[in-house]
Amino acid sequence: VPERDSFWRALCKQQQQEVYEERHLKFISSLGKGNFGRVDLCRYDPLGDNTGEMVAVKQLQSNKQSNMADFQREIQTISSLHCDYIVKYRGICYSAGRLSMRLVMEFLPFGSLISYMEKNKHIITTRKMLLFTSQICKGMEYLQNLRYVHRDLAARNILVSSDTLVKIADFGLTKIVPLNKEYYRVTQSGESPIFWYAPESLSEYKFSHKSDVWSFGVLLHELFSYCEQNRNPKRLSLHRIGGDIQGTMMAAHLFNILKENWRLPAPAMCPPKLSLHRIGGDIQGTMMAAHLFNILKENWRLPAPAMCPPKVYSMMMQCWTFNSEDRPTFSHLQDLIESSLQDERE
Ligand SMILES: N#CCCn1cc(-c2nc(Nc3ccc(C4CCNCC4)cc3)nc3c2CCN3)cn1
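Residues numbered from 1 in each chain as written. Predicted model: local features only at pLDDT ≥ 70, side-chain atom pairs only at ≥ 80, totals over all residues. Heavy atoms only, no water.

Let us look at the overall build of the protein chain. Each helix and strand counted, the protein chain has twelve helices and twelve strands in total. Long-range contacts, defined here as pairs at least 24 residues apart, represent 68% of the contacts in the protein chain between residues at least 6 apart. Roughly 17000 Å² of accessible area belongs to the protein chain as shown, and the carbon and sulfur atoms make up 54% of that amount. (Helix = DSSP H or I, 4+ residues; strand = E, 2+ residues; numbered from the N terminus. Contact = heavy atoms within 4.5 Å. Areas by Shrake-Rupley, 256 points an atom, 1.4 Å probe, with all protein chains shown as cover.)

Okay, structure coming up:
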């Protein structure tokens with residue numbers, strides 16, 4: 001499709017970006033599925049000696065025209081972002097023959113925050129959670145300065161680069177707020193993550209930096225609940241609403257309970273069975289005491305319980321102010337996070 005190729009050649013030229021040749025892109029494994037895309041781990045190996053770099057490659061599942069347009073917008077968005085706390089764009093791989101083009105991004109080895117927290121809940125501390133919170137907040141401040149509204153801020157879309165660095169990913173729903181307005185009104189709802197939505201997004205499909213702040217509060221709740229899936233926002237909200245509601249009425253019921261001031265409950269501090277993890281679960285009861293004695297003798301102690309400090313829950317509650325204007329900005333949230341980090345230092 002010539003005009004499509006000229007679009008991609010122009011984009012690459014404009015961005016001085018790497019053009020990835022399909023024949024050197026070696027599939028390794030599937031990493032995940034998004035709304036209408038799939039992400040694979042590939043090695044880009046032009047020398048053919050397995051020394052090439054690992055990259056995450058996203059392609060469309062369905063070649064529906066509307067998805068193609070959204071995908072092109074996603075590529076435009078991510079290729080314009082340059083921030084330490086946002087997943088890096090590497091380039092595109094387009095095969096002239098086939099319809100689908102592919103988005104090449106940096107590969108983050110530890111996967112989504114959800115899988116990372118499930119694996120590391122025994123060793124993650126409140127300080128570490130606050131560090132991740134601060135990095136996500138800085139990424140959102142950067143996006144807001146470019147008038148981008150993410151619209152899908154959730155733990156599933158935060159990727160873990162290392163034990164000390166997380167990044168915002170998946171710009172498939174991201175929109176630009178027009179200069180003459182404070183919000184973006186969406187027409188099609190599609191697969192809406194409504195349990196992360198602010199009330200005005202549920203009732204009027206309005207999305208703004210302030211609705212991103214609401215979702216940031218829900219993401220905080222996930223993080224301080226160790227991203228446990230049996231306590232995730234959808235599960236807790238459905239429990240309050242009553243599980244037998246049809247999909248279409250769901251948004252209306254969620255809006256009503258939020259209007260009546262119901263909010264997600266403070267994450268119960270649930271320090272997991274830390275010692276068992278440290279000792280290793282395969283020890284018999286009788287030997288347990290001995291092993292526990294040994295590790296204590298080696299000066300191992302329970303890490304500070306990563307319970308949800310009151311200041312953090314109050315931060316969530318501020319993000320969940322019903323009236324969007326009264327919600328804090330991401331820069332104000334940064335100050336609150338810094339002050340919580342101070343408490344953790346003392
Ligand atoms: N569309 C869409 C859906 C969103 N999505 C984004 C990615 C993604 N994953 C990674 N890395 C990654 C992912 C999973 C694992 C493991 C986790 C444990 N179980 C086995 C797999 C490891 C590392 N790096 C990326 C990306 C995008 C940019 N860089 C995957 N899905």
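There is more to say after this.
By the definition in use, this model includes five cavities of 30 Å³ or more. When its volume is computed, the largest cavity comes out at roughly 90 Å³. If you trace the largest cavity, you find it lined by F195, Y197, W214, V218, S237, L254, L258, W262, R263, L264 and W320. (1 Å grid on protein atoms, 1.4 Å probe; cavity = no way out; pocket = protein on both sides within 12 Å on 5 of 7 lines; lining within 4 Å. Points joined across faces, edges and corners; volume = space filled by probe spheres on them.)

Scanning all chains against the criterion turns up 14 salt bridges. Close ionic contact of E228 with K121 constitutes a salt bridge, the shortest N to O distance being 3.1 Å. Of this pair, E228 sits in the loop between α6 (209-223) and α7 (233-241) while K121 is found in the loop between α3 (113-120) and α4 (126-145), placing the two residues 107 residues apart along the sequence. Across the pair, exposure class does not vary: E228 and K121 are buried alike. Between K206 and E204 there is a salt bridge whose closest N-O contact spans 3.9 Å. Note on E204: relative accessible area 35%, which makes it partly exposed. Residues joined in a network through salt bridges with shared partners are K58, E74 and D170. (Salt bridge = Lys/Arg side-chain N within 4 Å of Asp/Glu carboxyl O. Buried < 20%, exposed > 50% of the residue type's maximum accessible area, 1.4 Å probe, protein only.)

By volume, the largest pocket amounts to about 1100 Å³. In terms of lining residues, the largest pocket is bounded by 43 residues, among which G34, N35, D152, R156 and N157 are the most central. Where the lining of the largest pocket is concerned, the elements lending two or more residues are β2 (25-33), β4 (53-60), α2 (65-79), β6 (101-106), α5 (199-204) and α8 (247-259). For the lining of the largest pocket, the element with the highest residue contribution is α8, accounting for four residues.

With that settled, consider the site of the ligand. G34, K58, E106, L108 and G111 are the nearest of the 18 residues found near the ligand. Taking K58, its side chain carries an N or O atom lying 3.3 Å from a nitrogen atom of the ligand. Within the complex, the protein chains bury 77% of what would otherwise be the 650 Å² of accessible surface of the ligand. Comparing atom positions with the cavity grids shows the ligand to sit within the largest pocket. Secondary structure elements with two or more residues in the shell around the ligand: β2, β4, β6 and α3. Among the elements that take part in the shell around the ligand, β2 stands out by supplying three residues, more than any other. Partitioned by chemical class, the residues of the shell around the ligand number nine nonpolar, four polar and five charged. (Near = heavy atom within 4 Å. Polar contact = N/O pair within 3.5 Å; in protein donor to acceptor, adjacent residues only side chain to side chain. Sits in = over half its atoms within 2 Å of the grid points. Nonpolar A, V, L, I, M, F, W, Y, C, P; charged D, E, K, R; others polar.)

Tracing the sequence through the fold places H82 in the loop between α2 and β5 (89-94). Residues H82 and L143, 61 residues apart in the sequence, show an inter-C-alpha distance of 9.8 Å.

A few words on the sheet that holds strand β3 (residues 37-44). Taken together, six strands build an open sheet; the order of strands is β1-β5-β6-β4-β3-β2 and the sheet is mixed. The sheet terminates laterally at β1 (18-19) and β2, the two strands that pair on one side only. Both β2 and β3 contribute to a ladder of seven bridges, which runs antiparallel. Along β3, the bridge assignment pairs L25 with Y44. Running at roughly 30° to β6, α2 makes contact with β4, β5 and β6 of the sheet. (Pairing = 2+ DSSP bridges. Axes fitted to C-alpha atoms, helices over the stretch in contact; angles between N-to-C directions.)

These results come straight from atomic positions and should not be treated as a statement about function.
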